[in-house]
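Listed below are the residues making up each chain.
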Amino acid sequence: MKAYLDNAATTPMAKEVIEVMTDVMTNTFGNPSSTHAFGREAKGIIENARRTVGKYIHAEPKEIIFTSGGTEADNMAILCAVRDLGVKHIISSVIEHHAVEHSLDNVKGNFECKISHVNLDEKGNVDLAHLESLLANSEEKVLVSLMHANNEIGTLLPLKEVGDLCKKHNAYFHSDTVQTLSHYPINLEELNIDFITCAAHKFHGPKGVGFLYKSKDIPLKPLIEGGAQERGLRGGTENITGIVGLAKAVELANEDIESHISEVQELKSYMLAGLRSKIEDVRVLGEDVASKSLYTVLNVCFPQFSKQDMLLFMLDLEGIACSGGSACTAGADAGSHVLKGIKADVTRQNVRFSFSRFTTKEEIDFTIEKVNKIFYS
């Protein structure tokens, strides 16, 4: 048996997604920018997909810009806010994904943009009072960039409260929602938010496609030049196959989203209880309150033991896929900037287990058994 518990890195594609993508690859090969019937058919499929995405997040189709994934979308939101909207000050945190963190380094160096970091507690929660203080004391145009759920520890940001603070202080608000889009209902009509981001492979869609939501009131220039695609905001022939797969994945995820949340949260709680029943002093990194934590992520810190440096490798040998943090930093020697940012105990081995609606109790039982074997054999 094998267990795939690294769904925060990527998820297996749903069969329905593969089916619609295969159909488009087989039957719709026209360039969406061509004016003949083949091109018009392809263009129509893309626009139908855009309407589907907009429907489920309560946005207008023209507010959806299809991209190559979440990283490009985050880069676009941050760079364009500085370049096109006059932002001179960005408020963020030290535990953002590198797609944001490295973009901040870029605009700081190339546009002389001021970067401030909001205070966090030991579970990764944003200090809202400090955020408001930073907003109130800024004399420049501000962008707040804070992720909805941390990809390593799962701590959730209260989007509405942060959005309301940004509106109160006339600041733009960008949230990296890669780990939460189509995992939670998101109604943009009820949120004061200017940019959110998506990567389809985080919810059983294809890799290499995502989108940036940009409020219709915000004028941006393209990040990628070369054509009039995506209403002139992203040059290049559209990835029609990926876009169709993304839209189908959004539709499937939102069909019964509350049941998905309940079922996967139960699996997460079941795994934590199982680990704690076998091994003493297993600690949760990030929030351990369900309403404040991403239900697909469980990051636990194990007690010190003789084989701890080999734990991930040994789990892999046992057929268990999990991680020590973000897949984007795997193999790096510097360690997790997220764990450093919340001042976690890095002398103990942490493991991020992450789940999806395809995860089974059998996989979790198998994993608990193998962890116990590694600790006590």
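For the structure given in this document, a descriptive report is provided here. (Residues numbered from 1 in each chain as written. Predicted model: local features only at pLDDT ≥ 70, side-chain atom pairs only at ≥ 80, totals over all residues. Heavy atoms only, no water.)

**What about helix H5 (residues 128-136)?**
Alright, step 1. For H5, the full list of buried residues reads Leu131, Leu134 and Leu135. Looking down the long axis of H5, one finds its buried residues gathered within 100° of arc, a one-sided arrangement.
Alright, step 2. Where H5 is buried, its residues meet strand E3 (89-92), strand E4 (114-117), strand E5 (142-145) and helix H6 (159-168). (Buried < 20%, exposed > 50% of the residue type's maximum accessible area, 1.4 Å probe, protein only. Helix = DSSP H or I, 4+ residues; strand = E, 2+ residues; numbered from the N terminus. Arc of directions from axis to C-beta. Contact = heavy atoms within 4.5 Å.)

**A short note on helix H7 (residues 240-255)**
Alright, step 1. Between the first and last C-alpha of H7 there are 23 Å, a value that for 16 residues agrees with the 22 Å anticipated at 1.5 Å per step.
Alright, step 2. Taken across its 16 residues, H7 has 13 buried, putting it largely inside the fold. (Expected span 1.5 Å × (residues − 1).)

**A word on the sheet that holds strand E9 (residues 283-284)**
Alright, step 1. Read across the sheet, 3 strands follow the order E9-E10-E12 without closing on themselves; strand pairing throughout is antiparallel. Two strands lie at the open edges of the sheet, namely E9 and strand E12 (350-354), each paired on one side alone.
Alright, step 2. Sheet topology places strand E10 (residues 297-301) next to E12; 5 bridges connect them, and they run antiparallel. Paired with leucine 298 across the bridge in E12 is phenylalanine 353.
Alright, step 3. Contacting E9, E10 and E12, helix H8 (residues 257-278) crosses the sheet at an angle of about 15° to E10. (Pairing = 2+ DSSP bridges. Axes fitted to C-alpha atoms, helices over the stretch in contact; angles between N-to-C directions.)

**Considering the packing of H5 against H6**
Alright, step 1. Relative to each other, H5 and H6 sit at 20°, their axes nearing to 10 Å. When the axis of H5 is compared with that of H6, the two are roughly parallel. Crossing handedness for the pair H5 and H6: right-handed. Every residue of H6 that contacts H5 at Leu128, Leu131, Glu132 and Leu135 is listed here: Glu161, Val162, Leu165, Cys166 and Lys168.
Alright, step 2. The class makeup of the residues in the contact of H5 with H6 is 6 nonpolar, no polar and 3 charged. (Parallel < 35°, antiparallel > 145°, perpendicular 65-115°, else oblique. Left-handed = near helix turned anticlockwise from the far one by under 90°. Nonpolar A, V, L, I, M, F, W, Y, C, P; charged D, E, K, R; others polar.)

**Comments concerning the environment of glycine 44**
Alright, step 1. Mapping glycine 44 onto the fold places it in helix H2 (residues 37-57).
Alright, step 2. According to the relative accessible area criterion, glycine 44 is partly exposed, its value standing at 27%.
Alright, step 3. Each C-alpha atom, one on glycine 44 and one on proline 32, is 8.1 Å from the other, the two residues being 12 residues apart in sequence.

**Observations regarding a nonpolar patch on the surface**
Alright, step 1. On the surface, a cluster of nonpolar side chains totalling about 330 Å² of accessible area is made up of Met310, Phe313 and Leu317.
Alright, step 2. Along the chain, leucine 317 turns up in helix H9 (residues 311-317).
Alright, step 3. Residue leucine 317 is classed as exposed on the basis of its relative accessible area of 62%. (Patch = residues over 30% accessible without salt bridge, like charges linked within 9 Å, V, L, I, M, F, W, Y side chains within 5 Å. Areas by Shrake-Rupley, 256 points an atom, 1.4 Å probe, with all protein chains shown as cover. Salt bridge = Lys/Arg side-chain N within 4 Å of Asp/Glu carboxyl O.)

**Looking at the environment of aspartate 316**
Alright, step 1. By the element assignment, aspartate 316 lies in helix H9.
Alright, step 2. Expressed as a C-alpha distance, the spacing of aspartate 316 and tyrosine 172, which sit 144 residues apart in the sequence, is 43 Å.

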